[in-house]
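For reference, the chains in residue letters:
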Amino acid sequence: MTDMSIRRALQNNFLGQCPGWYKLTLLGFLILNPLVFFLVSPFLAGWLLAAEFIFTLGMALKCYPLQPGGLLALQAVFIGMTSPEQIWHEVSRNIPVITLLIFMVAGIYFMKPLLLFVLTRLLLRIRSKALLSIAFCLAAAFLSAFLDALTVIAVVIGVATGFYDIYHRYINGLDQQSQSITDEQAQTLEQFSAFLRSLLMHAGVGTALGGVMTMVGEPQNLIIAKTAGWDFASFFLRMSAVTVPIFLCGIATCILVEHVKICGYGVALPDTVRQVLEDYERKTSAERAPQERTMLWIQGVIGIWLIAALAFHLAEVGLIGLSVIILVTSFCGITEEHSIGKAFQDAMPFTALLTVFFAIVAVIIDQQLFTPLIQFVLQGSEQNQLTLFYLFNGLLSSISDNVFVGSIYINEAHQAFEQGHISQEQFELLAVAINTGTNLPSVATPNGQAAFLFLLTSALAPLIRLSYGRMVIMALPYTIVMTLVGWLCVAFALVPATELFTEWQWIALPKL
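All values reported here derive from a predicted model rather than from experimental measurement.

The rules behind each value
Residues numbered from 1 in each chain as written. Predicted model: local features only at pLDDT ≥ 70, side-chain atom pairs only at ≥ 80, totals over all residues. Heavy atoms only, no water. Phe/Tyr/Trp six-rings, centres within 6.5 Å; stacked < 30°, edge-to-face > 60°. Buried < 20%, exposed > 50% of the residue type's maximum accessible area, 1.4 Å probe, protein only. Axes fitted to C-alpha atoms, helices over the stretch in contact; angles between N-to-C directions. Helix = DSSP H or I, 4+ residues; strand = E, 2+ residues; numbered from the N terminus. Parallel < 35°, antiparallel > 145°, perpendicular 65-115°, else oblique. Contact = heavy atoms within 4.5 Å. Nonpolar A, V, L, I, M, F, W, Y, C, P; charged D, E, K, R; others polar. Left-handed = near helix turned anticlockwise from the far one by under 90°.

Asker: Any details on the packing of aromatic side chains? Residues and values, ideally.
Answerer: By the definition in use, this model includes 15 aromatic pairs. Ring centres 6.0 Å apart and planes at 65 degrees place the aromatic pair Trp 230 and Phe 235 in the edge-to-face group. Taken together, a centroid distance of 6.4 Å and an interplanar angle of 50 degrees make the contact between Phe 501 and Trp 504 tilted. For Phe 501, a relative accessible area of 12% corresponds to the buried category. Taking the relative accessible area as the measure of exposure, Trp 504 reaches 43% and is therefore partly exposed. Three or more aromatic residues link up through ring pairs in this structure, and these residues are Trp 21, Tyr 22, Phe 29 and Phe 55.

Asker: Which residues make up the packing of helix H7 (residues 112-125) against helix H14 (residues 290-311), and what values go with them?
Answerer: Two elements in contact, H7 and H14, have axes separated by 9 Å at closest approach and are oriented at 100 degrees. Between H7 and H14, the crossing angle belongs to the class labelled roughly perpendicular. In contact with Pro 113, Leu 114 and Phe 117 of H7, H14 contributes Leu 296, Gln 299 and Gly 300. Classifying every residue of the contact of H7 with H14 by side-chain character gives 4 nonpolar, 2 polar and no charged.

Asker: If you had to explain the packing of helix H3 (residues 42-58) against helix H4 (residues 66-79) to someone new, which residues and values would you point to?
Answerer: H4 packs onto H3 with a crossing angle of 165 degrees between their chain directions and a minimal axis gap of 9 Å. Comparing their axes, H4 and H3 come out roughly antiparallel. Our pair here, H3 against H4, has a crossing hand that is left-handed. Facing Leu 49, Glu 52, Phe 53 and Thr 56 of H3, the residues of H4 in contact are Pro 68, Gly 69, Leu 72 and Ala 76.

Pasting the structure below:
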């Protein structure tokens, strides 16, 4: 009886609340891997491990990938697929990305009041749904070009959650005796939910449109920029041949879906809800103390410092983020340790997961898993290499994490350059194809975009009925436009634009 209890306890404790089939699947992976590695082929075992890890990323809604992915990575070290030294080498060369996640995300946490203030004003001051959608998409794109996309979408979720709670409390308070709302109120709440769904999706896509443009927009951007030896301005210019047309087409898609009212878009904010929110905002503004107003101005000035420091590359991105933490907390009176510690909670799980990414990348390098694929791609013409890298990255990024995919492909491309298989000019063009490939088609599913996954797993998603399937459908117009336009730009505009920028001496070949 005691043995049964211990077995049951172990079974329940292993991966906690995950489904039983998921636990059994992971155990099957852990049993199968060493058998394949020692008895069949290390190369095949490496590919099996990579597929299993991508599976854990795809099942992120069932279990956060850190635990199952971490177990796979630990096993890979124990059976000899890679070594701790190789993993540490990968981690060390990506310290800028790790410090970006730790310090920049925490720094922006302290600037949330300013971001909430700006987005609230946008929502209540713009009455046209189409204009409001464009405004949210533009705001998210601009912020994501300089800040972490997860932080931006977290702020947007905070605004939407606040408004939902305000109206929900209002309708519940109309009749204290009743435990339910009327049919008319339920219909209005459903319309309000549809309005918030579309606004959140526009903002989510905006983070992708802006995030692809700069080296700090997404973690994989910084990995690619550091490998290619680009600074902030060079990264923006080299990507612009693809990212600027994508941005314009993305905004055009935003206008189109709102006008045509397809895939769940086009729902306006109900007048009764607007009135409730405006009344609440007026009351809040009247009660805002001078100290709070001063904090908003301080955060605005520090925001200007952040943008300038990034644009002129005054320091590594992580150090700039640390400077934001110091400045905001100093001038806004945040001095208690536990208050500061809260800012680091959002980034640390993903930072740990990113380290697991690097462990899997170490396996891929040691087992040379991508060597045959890269050799196949490099056999084609230079133009075909660009489109194939873009498409392969896009396909993998739509079902897996784009940081993981971007890390793998930029390492393989850089290795091909070091071995003399491609020129430096071609390597840099491939870096653009890899970056845009990991960022653009990945909006197809929540698995590819961390901001989408964060939105899907938020407490707000079930309240506004934003499911996985509905998110895929709502992202579909953007997925089609961004993927196709990105492919056309990589195929036909990237090389001429890069040659033109080089001729104008806007960009130059860095020393790698």
